[in-house]
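Residue-level structural notes
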Amino acid sequence: MAHMPFTEAAGWGLSAPVTDSGPIVWPRSGYLSADGTKASQGVRHPTFFVSGNYLYVFYLDMSYGSTWGSIKVARAALSDLPSPSAFRAYGNDGFLQPALPAGFNAADIRSFYRVKGPASDCIVGCADDSFRFSVASIKDSNRFLGVLEYWDRTNKKARVSLTTSSDLMHWSDPVVVQEAEAWSSITLHYPIFMDEAGWTNTTVDPKGFYLLGTDTHANTMVLKASIEIVE
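Here's what I pulled together on the structure shown here. (Residues numbered from 1 in each chain as written. Predicted model: local features only at pLDDT ≥ 70, side-chain atom pairs only at ≥ 80, totals over all residues. Heavy atoms only, no water.)

**Concerning the pairing of strand β6 (residues 88-91)**
Put simply, the rule reads: Two strands are counted as paired when DSSP detects at least two bridges linking them. Helical segments are the DSSP runs of H or I of at least four residues, strand segments are the runs of E of at least two, and each set is numbered from the N terminus.
Inspection of the sheet shows strand β5 (residues 70-77) paired to β6 by two bridges, in the antiparallel sense. Note that in β6 the partner of Ala74 across the bridge is Ala89. Inspection of the sheet shows β6 paired to strand β7 (residues 94-98) by three bridges, in the antiparallel sense. Across the sheet, Ala89 pairs through a bridge with Gln97, a residue of β7. Where β6 hands over to β7, the hairpin turn is made up of two residues, of which Asn92 adopts a positive phi near 55°.

**Digging into the nonpolar core**
Stated formally: Definition used in this section: a nonpolar core is a set of buried Ala, Val, Leu, Ile, Met, Phe, Trp, Tyr and Cys residues joined via side-chain atoms within 4.5 Å. Relative accessible area decides the class of each residue, using a 1.4 Å probe on protein chains only: under 20% of the type maximum gives buried, over 50% gives exposed, and in between gives partly exposed. Contacts: residue pairs with any heavy atoms within 4.5 Å of one another.
Phe58, Ile123, Phe133, Val135, Leu168 and Trp171 are the most contacted members of the largest nonpolar core, which has 19 residues in total. When contributions to this core are tallied by element, the ones reaching two or more residues are β4 (54-63), β5, β8 (129-138) and β9 (144-152). Setting aside residues no more than four positions away along its own chain, Trp171 makes contact with Ile123, Val124, Phe133, Val135, Phe144, Leu145, Gly146, Thr163, Thr164 and Ser165. In terms of nonpolar packing, the next biggest core, distinct from the first, is built from 15 residues, Ala136, Val147, Leu162 and Phe193 among them.

**Some words on the state of the cysteines**
Disulfide: a covalent bond formed between the sulfur atoms of two cysteine residues. Rules: Sulfur atoms of two cysteines make up a disulfide when they are within 2.5 Å.
On inspection of all chains with the given rule, the structure shows one disulfide. Between the sulfur atoms of Cys122 and its disulfide mate Cys126 the distance is 2.2 Å. With the S-S dihedral at roughly -105°, the linkage between Cys122 and Cys126 falls on the left-handed side. The class of Cys122 is partly exposed, set by a relative accessible area of 23%.

**Points about the sheet that holds β8**
The sheet built from five strands is open, its strands ordered β11-β10-β9-β8-β13 with mixed pairing. Both edges of this open sheet fall to β11 (175-180) and β13 (203-204), since each of them pairs with a single strand only.

**Some details on the environment of Ser141**
So the rule is basically this: We call two N or O atoms a polar contact when they sit within 3.5 Å, provided that within protein one can donate a hydrogen and the other can accept it, with sequence-adjacent residues counted only if both atoms are side-chain atoms.
Among the secondary structure elements, Ser141 is positioned in the loop between β8 and β9. The exposure class assigned to Ser141 is partly exposed, which follows from its relative accessible area of 31%. On a C-alpha basis, the gap between Ser141 and Ser166 in space is 9.4 Å, while along the polypeptide they are 25 residues apart. Within the structure, Ser141 has its side chain in polar contact with the backbone nitrogen of Arg143 (distance 3.0 Å).

**Some thoughts on the packing of aromatic side chains**
What counts here: Two rings from Phe, Tyr or Trp (for Trp, the six-membered ring) form a pair when their centres sit within 6.5 Å of each other. Planes less than 30 degrees apart are called stacked, planes more than 60 degrees apart edge-to-face, and all others tilted. Placement of a positive charge over a ring is assigned whenever Lys NZ or Arg CZ falls within 6 Å of the ring centre and within 35 degrees of the normal to the ring plane.
In this structure the tally under the stated criterion is 13 aromatic pairs. Where Trp26 meets Tyr31, the ring centres are 4.9 Å apart and the plane angle is 80°; that geometry is what we call edge-to-face. Note on Tyr31: relative accessible area 25%, which makes it partly exposed. With a centroid separation of 5.7 Å and 90° between ring planes, the pair formed by Phe49 and Phe144 is classed as edge-to-face. Of this pair, Phe49 sits in strand β3 (residues 40-51) while Phe144 is found in strand β9, placing the two residues 95 residues apart along the sequence. Taken together, the ring pairs in this structure connect Trp26, Tyr31, Phe104, Phe112 and Tyr113 into an aromatic cluster. One Lys or Arg, Arg75, reaches over the ring of Tyr54 and ends 3.8 Å from the middle of that ring.

**Examining the pattern of salt bridges**
Put simply, the rule reads: Salt bridge, as used here: a side-chain nitrogen of Lys or Arg that lies within 4 Å of a carboxyl oxygen of Asp or Glu.
All told, the structure shown has six salt bridges when counted by the stated rule. Its salt-bridge partner being Lys224, residue Glu196 comes within 2.9 Å of it at the nearest N-O pair. Of this pair, Glu196 sits in the loop between β12 (189-195) and β13 while Lys224 sits in strand β15 (residues 220-225), and the two are 28 residues apart along the sequence. Classification of Glu196 as partly exposed rests on a relative accessible area of 45%. For Lys224, a relative accessible area of 51% puts it in the exposed group. Each of Asp152, Arg159 and Glu179 takes part in salt bridges that share partners, so that together they form one network.

**Considering the sheet that holds strand β14 (residues 209-214)**
How we decide: Between the N-to-C directions of two axes lies an angle of 0 to 180 degrees, each axis being a line fitted to C-alpha atoms and, for a helix, fitted only over the stretch in contact.
Sheet architecture is open: three strands sit in the order β12-β14-β15, paired in antiparallel fashion. The outermost strands of the open sheet, each flanked by one partner alone, are β12 and β15. Each adjacent strand pair in this sheet contributes to an overall mean axis angle of 25°, direction not counted. Across six bridges, the pairing between β14 and β15 is antiparallel. Paired with Leu212 across the bridge in β15 is Val222.

In structure tokens form, the structure reads like this:
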């Protein structure tokens, strides 16, 4: 996590120094096994989302084994930021455990490479190999909308799907909006939301919003969508 003051005195971020606070989450298997071999490909593709008094971070855990390619979530109370140790990982139906190893010190990070991360749980797309997950609030609703890019192991397809939640931890079965036989054919890699006004990525009107992503050649692609929520 890196942060800076967003104030007039700091030029609204343009002239402010950036503080690198180091890691805020850790892979479940750590980075190295006891014998020094690689235990994971780390954590990747984080997306932040603020809800209530918490800052949530959704991330991809690339620990080898059954949790490889799992979307997970951690959160920190806004009042405890910007301390990186404020984040707690979701597992066993609660945010009960620190998202970093006990006693973690970013200045001595190498000594922690063999230390495992928290027993965190996958929250969405758990039967598949996920790449990226982003979240937005649904306007005039108490629900949230998520967009997931993943490889469907059962059907052998690359897919981008939408899913909903009322608590940011439990998500509905994904509804496919784009699929292809090969990952390189998807045109919404690393998707995020944008409202119709092009103003925010974190709140969408169900009657109309955009999904933004890139194709394999790094061109920005846009898909307009709408949803109907059935209670």
